[in-house]
Amino acid sequence: MRAALNHRGPDGQGFWDDGEVGIALAHTRLAILDLSAAGHQPMVSPNGRYVLSFNGEIYNSVEVRLALERERRVDWRGHSDTEVLLRAIQEWGLERALKKSVGMFAVAVWDQEGRQLSLARDRFGEKPLLYGRLGGDIVFASELRAIEQHPAYERKIDLQAMELFFRRGYIPAPLSAVEGIRKVLPGQILRFSSEVGELDPARTIYWNLDHAVGRARSTDVRGGFIESRNQIRRLLERAIRGQLHADVPVGVLLSGGIDSSLVAAIAQGVSLSSVRTFTIGFDEAGFDEGHQARALAKQLGTEHQDLYLDATSVRDLVPELAATYDEPFADPSALPTLLLSRLVRGYVTVALSGDGGDESFCGYQRYLGSRVRQMWVMNRALGGFPSRSLFRSMGIAESVLSSARREKLRRLSALLDAEVSNNFESFYTWYTAKWLRSPIQSGGGPLPATAGPPLAGIDFERRMMALDTASYLPDDILVKVDRAAMSVGLETRAPFLDHRLVEFAWGLPLHYLRTADKGKLILRDLLDELVGGRLSRLPKKGFSAPIATWLRGPLRDWAEDLLAVGRLDDHGWLDSAEVRRRWQEHLSGTVDWSESLWGVLMLNSWASK
């Protein structure tokens, strides 16, 4: 199991066990702070009670260290954040130690006195942690590939997880692709007692968005827009200073968008030396932001490297996605993210990103005052007027529409129908679905609603932001970056996910965040202040890849093999006729089905690895 994770920790391997009790902890180390043996894991606490295996970083470890020293004299062995976290657990207990910590982490703690195993994950799910029961053993690991090494492991595909995968393009926690294997939720502590020996553990939520938002929104914003913008700058500067702290080289992933540009600008301003920045681009028009990134890097004076993803690179990389992501994962931007990670690892060991800015600062287009939202609100006011009747009154005849337009009409119809629109979570799930009806033949029932923080009484945009923060962010965006980066031993850090910044952002009035057609208003204003107004006026493109073109070009043969009728029928539960119909329509150029087909391709690629 440990050897399967060597890519995540190439700098050292550790092992600890207690044969009498029947517990073993293994660790692979990516050395960031205190490169000496004093940072070796698994680490035993000074009083001998706790054993810790820890993946991640505690950015405020210096502050926590000082807080511990104020309480009593501490003899430190080194200066690693692991030692600080372990001492905090010994003195304060796990829950308080995590609440005091600012960072990203997956934690396993064995309490030798209490005979209890605790598993915990950071507030936003930056670091992965899976667990399950195999035979008589409780097993856990950072990635599924480690659990697969257990002799009792069987890959039995979880069809409920697949149903959600086809809707969303990722498998949401706590589910995994395999029956019986689950993911620890962000902000959660699981406790397994050796006396009880049950798989179902005691659960504690030490942080969640609902409570944090409640506190933030009950606090009056003082000083208006300008003071709020200045406070965001102070919070970002504090977060970035903490995340630049390392005993290895650090850089910034620069896409050319608002968030990563802010991170790069502030990092260059607070760093004692020139920051390295990295960008990946595409030859296809409409997808490349490389020129924006290069222009900003030149203006800031960073040491900049960029790389373009071409047809040869795409063909070589795409067969590796299944092995890298460890379960079906259908975000096409995983391709450029993997290539970028390999470029960056040649220069630095740690890289800062702009991830998390969209969800807290109203960045995605779906948060804005769209026509769909207006129609949804109007339809609810009318008491759920049948959508088909509404379309007929508008002169829209489904029979004369193309396949793609019929699919859009069905999606809009589902959004407007009363049984969906009366429940916001169902509305959100339909709105973001990749497949309106999944290709699982045994499915076809009601679309599972998205679980998320209740956040009662908040507006439409904020509710979508909250649901994205609860699922799309940890299970898509952060999975994409973590698996790609850690496959080459690169640690990524996200300043926008400092929970102190997130909580402040949720206390801001909505009109500080968006206009009718533009999001991240306050971040754009901050970027204007730092680097001028040109960048802040650019439209959001997102970090997307030209998959539709690639599937008709360099990836066609690879896709044709995975979408052959025999391969589709192997599962026994896929609607191969519907998948093949979409593939033929996509190849003809009449319909762009790339978004829905990519999920089938990723499933079949994973199933055959």
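As shown above, the structure is provided for reference.
Residues numbered from 1 in each chain as written. Predicted model: local features only at pLDDT ≥ 70, side-chain atom pairs only at ≥ 80, totals over all residues. Heavy atoms only, no water.

Here the focus is the overall build of the protein. When helices and strands are tallied, the protein shows 26 helices and 16 strands. Taking the contacts inside the protein whose residues are at least 6 apart along the sequence as the reference set, 71% of them involve residues at least 24 apart. For the protein, the exposed surface amounts to about 24200 Å²; the carbon and sulfur share of it is 48%. (Helix = DSSP H or I, 4+ residues; strand = E, 2+ residues; numbered from the N terminus. Contact = heavy atoms within 4.5 Å. Areas by Shrake-Rupley, 256 points an atom, 1.4 Å probe, with all protein chains shown as cover.)

Considering the arrangement of structural elements, one finds Val21 in the loop between β1 (12–18) and β2 (23–29). The spatial distance from the C-alpha of Val21 to the C-alpha of Gln112 is 9.2 Å, given a sequence separation of 91 residues. Setting aside residues no more than four positions away along its own chain, Val21 makes contact with Trp110 and Arg115.

It is at 8 Å that the axes of helix α12 (residues 334–345) and helix α19 (residues 460–486) come closest, and there the two elements cross at 35°. Between α12 and α19 lies a crossing whose hand is right-handed. From α12, Ala334, Thr337, Leu338 and Ser341 reach across to α19, where they touch Lys480, Val481, Ala484 and Ala485. (Axes fitted to C-alpha atoms, helices over the stretch in contact; angles between N-to-C directions. Left-handed = near helix turned anticlockwise from the far one by under 90°.)

Next up on the list: the nonpolar core. Counting residues in hydrophobic clusters, the biggest one holds 164 residues, and the most contacted among them are Phe361, Trp558 and Trp598. With 13 residues, the single largest contributor to this core is α19. Beyond its immediate sequence surroundings of up to four residues, Phe361 is in contact with Ile232, Met465, Phe496, Leu501, Ala505, Leu508, Leu513, Gly519, Lys520, Ile522 and Leu523. Membership of the second largest hydrophobic core comes to 15 residues, among which are Leu25, Trp110, Leu117 and Val184. (Core = buried A, V, L, I, M, F, W, Y, C linked by side-chain atoms within 4.5 Å. Buried < 20%, exposed > 50% of the residue type's maximum accessible area, 1.4 Å probe, protein only.)

Right, let's get into the sheet that holds strand β10 (residues 188–193). Overall, antiparallel pairing links the six strands, which are arranged β3-β4-β5-β6-β10-β11 in an open sheet. Strands with a single pairing partner mark the edges of an open sheet, and in this sheet they are β3 (43–44) and β11 (202–205). With nine bridges joining them, strand β4 (residues 50–58) and strand β5 (residues 103–111) adopt antiparallel strand pairing. Looking at the pairing, Leu52 lines up with Val109 of β5. The strands touched by helix α2 (residues 81–92) within the sheet are β3, β4 and β5, with β4 carrying the most contacts at an inclination of about 130°. (Pairing = 2+ DSSP bridges.)

This part covers the sheet that holds strand β15 (residues 350–352). Two strands in a sheet stick together by hydrogen bonds in their backbones, pointing the same way (parallel) or opposite ways (antiparallel). On the basis of which strands lie adjacent, the open sheet formed by five strands has the order β14-β13-β12-β15-β16 and parallel pairing. Either end of the sheet is taken by a strand with one partner, and the two such strands are β14 (303–309) and β16 (491–493). Taken over all neighbouring pairs, the strand axes of this sheet differ in orientation by 30° on average, direction set aside. Sheet topology note: the strand β12 (residues 250–253)/strand β13 (residues 276–282) ladder contains three bridges and is parallel. Considered in β13, the bridge of Gly251 is made with Arg276.

Another point: the side chain of Ser596. Within the fold, Ser596 resides in helix α26 (residues 594–607). Using a relative accessible area of 3% as the deciding quantity, one classes Ser596 as buried. Discounting chain neighbours no more than four positions away, the residues touching Ser596 are Lys434, Trp435 and Arg582.

Our next topic: helix α18 (residues 424–432). In terms of burial, α18 is largely enclosed, as seven of its nine residues are buried. Residues of α18 that are buried: Phe424, Glu425, Ser426, Phe427, Tyr428, Thr429 and Trp430.

Further remarks concern the packing of aromatic side chains. Applying the stated criterion to the full structure yields twelve aromatic pairs. Taking the centre distance of 6.1 Å and the plane angle of 75° together, the rings of Phe361 and Phe496 count as edge-to-face. Placement of Phe361 in helix α13 (residues 357–361) and of Phe496 in the loop between β16 and α20 (499–506) is noted, with a sequence separation of 135 residues between them. On the basis of relative accessibility, which here comes to 0%, the residue Phe496 falls in the buried class. One aromatic cluster is present, formed by Tyr170, Tyr364, Tyr367 and Tyr472 through successive ring pairs. Positioned above the aromatic ring of Trp92, the side-chain terminus of Lys100 is 5.8 Å from the ring centre. (Phe/Tyr/Trp six-rings, centres within 6.5 Å; stacked < 30°, edge-to-face > 60°. Lys NZ or Arg CZ within 6 Å of the ring centre and 35° of its normal.)

Turning our attention to the pairing of β4. In terms of residue burial, β4 counts as a mostly covered element, since nine of its nine residues are buried. In this structure, β3 lies alongside β4, joined through two bridges in antiparallel fashion. Bridge pairing in β4 links Val44 to Val51.

Okay, α19 next. Since the α-helix packs 3.6 residues into each turn, any two residues three or four apart lie on the same face. The largest bend in α19 is about 55°, located at Leu473, with the proline Pro474 one to four residues further on. By the criterion of burial, α19 is predominantly enclosed, with 25 of the 27 residues buried. (Bend = angle between axes of the 7 residues up to and from the residue.)

Moving on to unusual backbone geometry. Note that the residue after Gln41, namely Pro42, is joined by a cis bond; omega there is -5°. Position of Pro42 relative to the elements: it lies in the loop between β2 and β3. Of note, the amide linkage connecting Ala173 to Pro174 takes the cis form, showing an omega dihedral of 10°. Topologically, Pro174 is positioned in the loop between α5 (159–168) and β9 (181–183). Phi angles above zero are rare outside glycine, and Arg115 is one such case at about 50°. With respect to the helices and strands, Arg115 occurs in the loop between β5 and β6 (116–121). Classification of Arg115 as partly exposed rests on a relative accessible area of 36%. The phi dihedral of Lys520 is positive, around 55°, even though this residue is not glycine.

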